[in-house]
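Summary of structural features
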Amino acid sequence: MSPRGVRRVAAAWAADAGGLGRLARSRGVALVHTNTSTTLGGAAAARIAGVPHVWHVREIYAGFERWWPAYRRLLLTADALPCVSEATCRQFDGAPPAFVLYDGLAAAPRPADPAGARAALGVPQDAVVVAVLGRVSGWKGQDLLVRALAAPALRDRADVVALLAGAPGPGEERHRRAVHELAGVLGVTDRVHDVCFREDLDAVYAAADVVAVPSLYPDPLPSAAVEAAAARRCVVAADHGGAREIVRDRETGRLVAPRDPSALAAVLAELADDRAERERLAAAAAVEVPHRFARERLLAEVHALYDRLLSR
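Everything in this summary refers to the structure shown in the same document. (Residues numbered from 1 in each chain as written. Predicted model: local features only at pLDDT ≥ 70, side-chain atom pairs only at ≥ 80, totals over all residues. Heavy atoms only, no water.)

1. A word on the sheet that holds strand 8 (residues 210–213)
Strands in a sheet are paired, the pairing made by backbone hydrogen bonds, and the direction either parallel or antiparallel. Operational definition: Any two strands are treated as partners once DSSP identifies two or more bridges connecting them. A run of H or I in DSSP counts as a helix once it spans at least four residues, and a run of E counts as a strand once it spans at least two, with each numbered from the N terminus. All axes here are fitted lines through C-alpha atoms, helices being fitted over the stretch that makes contact, and every angle between N-to-C directions spans 0 to 180 degrees. Throughout, a contact is declared for two residues whenever any of their heavy atoms are within 4.5 Å.
Sheet architecture is open: six strands sit in the order 7-6-5-8-9-10, paired in parallel fashion. Here the strands that pair on one side only, and so sit at the sheet edges, are strand 7 (192–196) and strand 10 (254–256). Averaged over all pairs of adjacent strands, the angle between their axes in this sheet comes to 25 degrees, without regard to strand direction. As paired elements, strand 8 and strand 9 (residues 234–238) share four bridges and run parallel to each other. By the bridge assignment, valine 211 is partnered in strand 9 with valine 235. Against the sheet, helix 10 (residues 261–272) touches strand 5 (128–133), strand 6 (160–165), strand 8, strand 9 and strand 10, its axis set at about 155 degrees to strand 10.

Okay, here's the thing in structure tokens:
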């Protein structure tokens, strides 16, 4: 949101709007669906083409309080604002265009041999493995898991290790370096296994005993929690954002205080000592979560939304 950044966004918006608007008119487009609220061109394109506009909201604008009122007004110009979670939808204070439309599970993780997966990833066979999947950033909380390893509940637990799967975005390599520097300062480097970006997420889920979602800020709907549940892995998530709508504490996973490495460490220590509890929570989530976040349900609701808008 720097002046230079705003100018760049404005230029991209103008180019997108003109190009998309001409395309929509020439192709006889009936509706424009912008699949993220951070992309602006679709709104103007829909206006140019004179067709309904769906603006999918996949973001929680924490930390943007100064800009949010104006941006909220812009988003509310859409004919429909499907939001990926209740937490996301609450940003619109009950405005009629906003409603909850949960994402669907894109692809269920396939079963894989845990021993083979650990061997392939270089993770100790006899350890309790806590995985964090996602882009390495100042948001997803890889550093929080590293701090948890050094917190009192896990400080002397060499049998509990972290498995980090994900790469930083372009130009954001500093976040990955910072995680490893922190591990060195805290003396847990040998317990942090970073496999960077992986195509074979099935192996990552198979190697994990627990999947942590320690997002520092409210995550709209953390896909790692949904995927982990489908993979029959115990989920421990920060108690904010859309994670609350995926995990029910002590029923289908565990919720912990956000941004609190000691709280995360305490729960991970409990689960490390109780394999039966990990398996109970994972089994309950594996039954409930894939049903609630079914791809077929998402497709049916999107089709119904289009039908409603086009029949006006």
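Let us keep going from here.
2. Quick notes on the nonpolar core
Convention followed: For the purposes of this section, nonpolar cores are sets of buried Ala, Val, Leu, Ile, Met, Phe, Trp, Tyr and Cys residues that join through side-chain atoms within 4.5 Å. Burial here depends on accessible area, computed with a 1.4 Å probe over protein chains only, as a share of the maximum for the residue type. Under 20% is buried, over 50% is exposed, and the range in between is partly exposed.
If you look at the biggest cluster of nonpolar residues, it comprises 38 residues, and the most contacted ones within it are Leu133, Leu163 and Ile246. Contributions of two or more residues to this core are made by helix 5 (114–121), strand 5, strand 6, helix 8 (201–207), strand 8, helix 9 (223–230), strand 9 and helix 11 (275–292). Once residues within four sequence positions are removed from consideration, leucine 163 is found in contact with Leu121, Val123, Val129, Val130, Ala131, Val132, His193, Val195, Val204 and Ala207. Core analysis: the next-biggest nonpolar cluster, separate from the first, contains 33 residues, Val132, Leu149, Leu154 and Val179 among them.

3. A short note on helix 10
Defined as follows: Under the convention used throughout, the expected extent of a helix is 1.5 Å for every residue step, that is, one less than its residue count. Two N or O atoms form a polar contact when they lie within 3.5 Å of each other; inside protein one atom must be a possible hydrogen donor and the other a possible acceptor, and for residues adjacent in sequence the pair counts only when both atoms belong to side chains.
For helix 10, built from twelve residues, the straight-helix expectation of 16 Å at 1.5 Å per residue is met to within 8% by its first-to-last C-alpha distance of 16 Å. Residues of helix 10 that are buried include every one of Leu264, Ala265, Val267, Leu268, Ala269, Leu271 and Ala272, and no others. Sitting at the head of helix 10, aspartate 260 places a side-chain oxygen 3.1 Å from the backbone nitrogen of serine 262.

4. A word on the pattern of salt bridges
For side chains bearing opposite charge, pairing can occur when the charged atoms are close. Operational definition: Salt bridges are counted wherever a side-chain nitrogen of Lys or Arg sits within 4 Å of a carboxyl oxygen of Asp or Glu.
Here the structure, examined in full by the defined rule, presents 22 salt bridges. For aspartate 159, the salt bridge is made with arginine 157, and the minimal N-O distance between the two is 2.9 Å. For aspartate 159, a relative accessible area of 30% translates into the label partly exposed. We classify arginine 157 as buried; its relative accessible area is 17%. Each of Arg248, Glu251, Glu288 and Arg292 takes part in one network of salt bridges that share partners.

5. A few points about the environment of phenylalanine 99
Within the secondary structure layout, phenylalanine 99 lies in strand 4 (residues 98–100). Under the relative-accessibility criterion, phenylalanine 99 is labelled partly exposed at 26%. Note: C-alpha distance between phenylalanine 99 and alanine 80 (19 residues apart in sequence) is 8.0 Å. Contact partners of phenylalanine 99, with chain neighbours within four places excluded, come to Ala80, Leu81, Pro82, Cys83, Cys89, Leu305 and Arg308.

6. Details of the environment of glutamate 251
You can see glutamate 251 is positioned in the loop between strand 9 and strand 10. In this structure glutamate 251 touches Arg280, Leu281 and Ala284, once residues within four positions along its chain are discounted.

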